[in-house]
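Each chain, letter by letter, is given below.
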Protein chains: 2
Amino acid sequence: MRIIGIDPGTARTGFGVVEKKGGEFIVVDYGLIETKKDLEPAERLEHIFAEVTGLIKRHGPDVLAIERLFFNRNVTTAMSVGEARGVIILSAARAGIRAVEYMPLQIKKALTGDGRAEKKQVQEMVRMMLKLPEIPKPDDVADALAIAVCHAGASRFEQLARDAGKGSGKNIRKICRDAEAE
Amino acid sequence: MRIIGIDPGTARTGFGVVEKKGGEFIVVDYGLIETKKDLEPAERLEHIFAEVTGLIKRHGPDVLAIERLFFNRNVTTAMSVGEARGVIILSAARAGIRAVEYMPLQIKKALTGDGRAEKKQVQEMVRMMLKLPEIPKPDDVADALAIAVCHAGASRFEQLARDAGKGSGKNIRKICRDAEAE
């Protein structure tokens, strides 16, 4: 299974492509999509869409895993992250691959077993699992790789939701709320 | 000048296409893009993108005018509206037309002269200016037409920003803050 993990943002979008073979993870590619502040919003979104579309074409992932933040600093940031998420999810849809979403708590839990783990701890787990000499920088890139790695581990959530039958979106949200409440 | 106005949302996106000839407005088309709740987020976004792309192709507007809300009820709503905005702005960019943004205060002010006007008052102005027998329903559609009509009147904001030189985005925001403070 090949996964592209995405940490979305209009200014900086981190990506990480990871291949899972058996229990082993292999890093295929990772990096940062940056857009300049002086570009029009439309140009920034078009750039992100083109870059992600290019990455999917180049690496042929089976699935795109993207971070979903419910608790953002403010509404303006949330809307801006939403815009980036919109075009990234669209690029997956148009390439015919699934887009799955994970919340920070799920990602932390999948990697460290603790939903309240420190960022540094999550990043160190990513480094070890992917056998990287150093934690990739900036954080957006490390986070994107964490989301990709999370997808394999956290697919348990999806399976649970599928087993629960219809309305998987609602069930995933319920499972996540339960996890949040733990 | 032909304008497509958009009131964005993942569940319901209102649109209104308006032609301005001299001081007269002619309604070209208006309606609602709806996506079902049981669709995956990716499918909803793909549907919105395809519909807006189709409208631009069919009606050939010079510009797409879209509502920008800074003060949403909550962060989850803001992110969801942001996702719809992202794919709508992208559809304008890919069709090679400009996407411009207006805040509710600007729209109200452009149509009624009062940034704090009641929704009903704005809708009645839209009906009168477009010579419609009734206010189009639901609100998303009336709002989309209001945004399209606003663009012609509110282009004064853009001109001011352009005159102020570089960083028009910042200047527009400053002008809007000044307007908010009025």
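A few points about the overall build of chain A
Here comes step 1: Secondary structure summary: chain A contains six helices and five strands in total.
Here comes step 2: When the helices and strands of chain A are listed from N to C terminus, the series reads β-β-β-α-β-α-β-α-α-α-α.
Here comes step 3: Taking as baseline every contact in chain A between residues at least 6 positions apart, the subset at least 24 positions apart corresponds to 60%.
Here comes step 4: Counting every atom, chain A has about 8800 Å² of accessible surface; 50% of that belongs to carbon and sulfur.

Looking at the pattern of salt bridges
Residue and element names in this part refer to chain A.
Here comes step 1: For the coordinates displayed, the defined rule picks out 18 salt bridges over all chains.
Here comes step 2: Residue Arg2 pairs with Glu19 through a salt bridge whose shortest N-O separation is 2.5 Å. Note that Arg2 is positioned in strand 1 (residues 2–7) and Glu19 in strand 2 (residues 12–21), a separation of 17 residues in sequence.
Here comes step 3: In this structure Arg2 comes out as partly exposed when scored by relative accessible area, which is 23%.
Here comes step 4: Residue class for Glu19 comes out buried when judged on its relative accessible area of 15%.
Here comes step 5: Across the pair Arg127 and Glu124 runs a salt bridge whose closest N-O atoms are separated by 2.8 Å. Of this pair, Arg127 and Glu124 both sit in helix 4 (residues 119–129), three residues apart, roughly one helical turn.

Describing unusual backbone geometry
For residues besides glycine, phi is generally negative; the peptide bonds are generally trans as well.
Residue and element names in this part refer to chain A.
Here comes step 1: With an omega of -10°, the peptide bond running from Lys137 to Pro138 counts as cis.
Here comes step 2: Residue position: Pro138 is located in the loop between helix 4 and helix 5 (139–163).
Here comes step 3: At Lys131, a position not held by glycine, the phi torsion is positive, near 55°.
Here comes step 4: Residue placement: Lys131 occurs in the loop between helix 4 and helix 5.

Cut-offs and rules
Residues numbered from 1 in each chain as written. Chains lettered and ligands numbered in written order. Predicted model: local features only at pLDDT ≥ 70, side-chain atom pairs only at ≥ 80, totals over all residues. Heavy atoms only, no water. Helix = DSSP H or I, 4+ residues; strand = E, 2+ residues; numbered from the N terminus. Contact = heavy atoms within 4.5 Å. Areas by Shrake-Rupley, 256 points an atom, 1.4 Å probe, with all protein chains shown as cover. Salt bridge = Lys/Arg side-chain N within 4 Å of Asp/Glu carboxyl O. Buried < 20%, exposed > 50% of the residue type's maximum accessible area, 1.4 Å probe, protein only.

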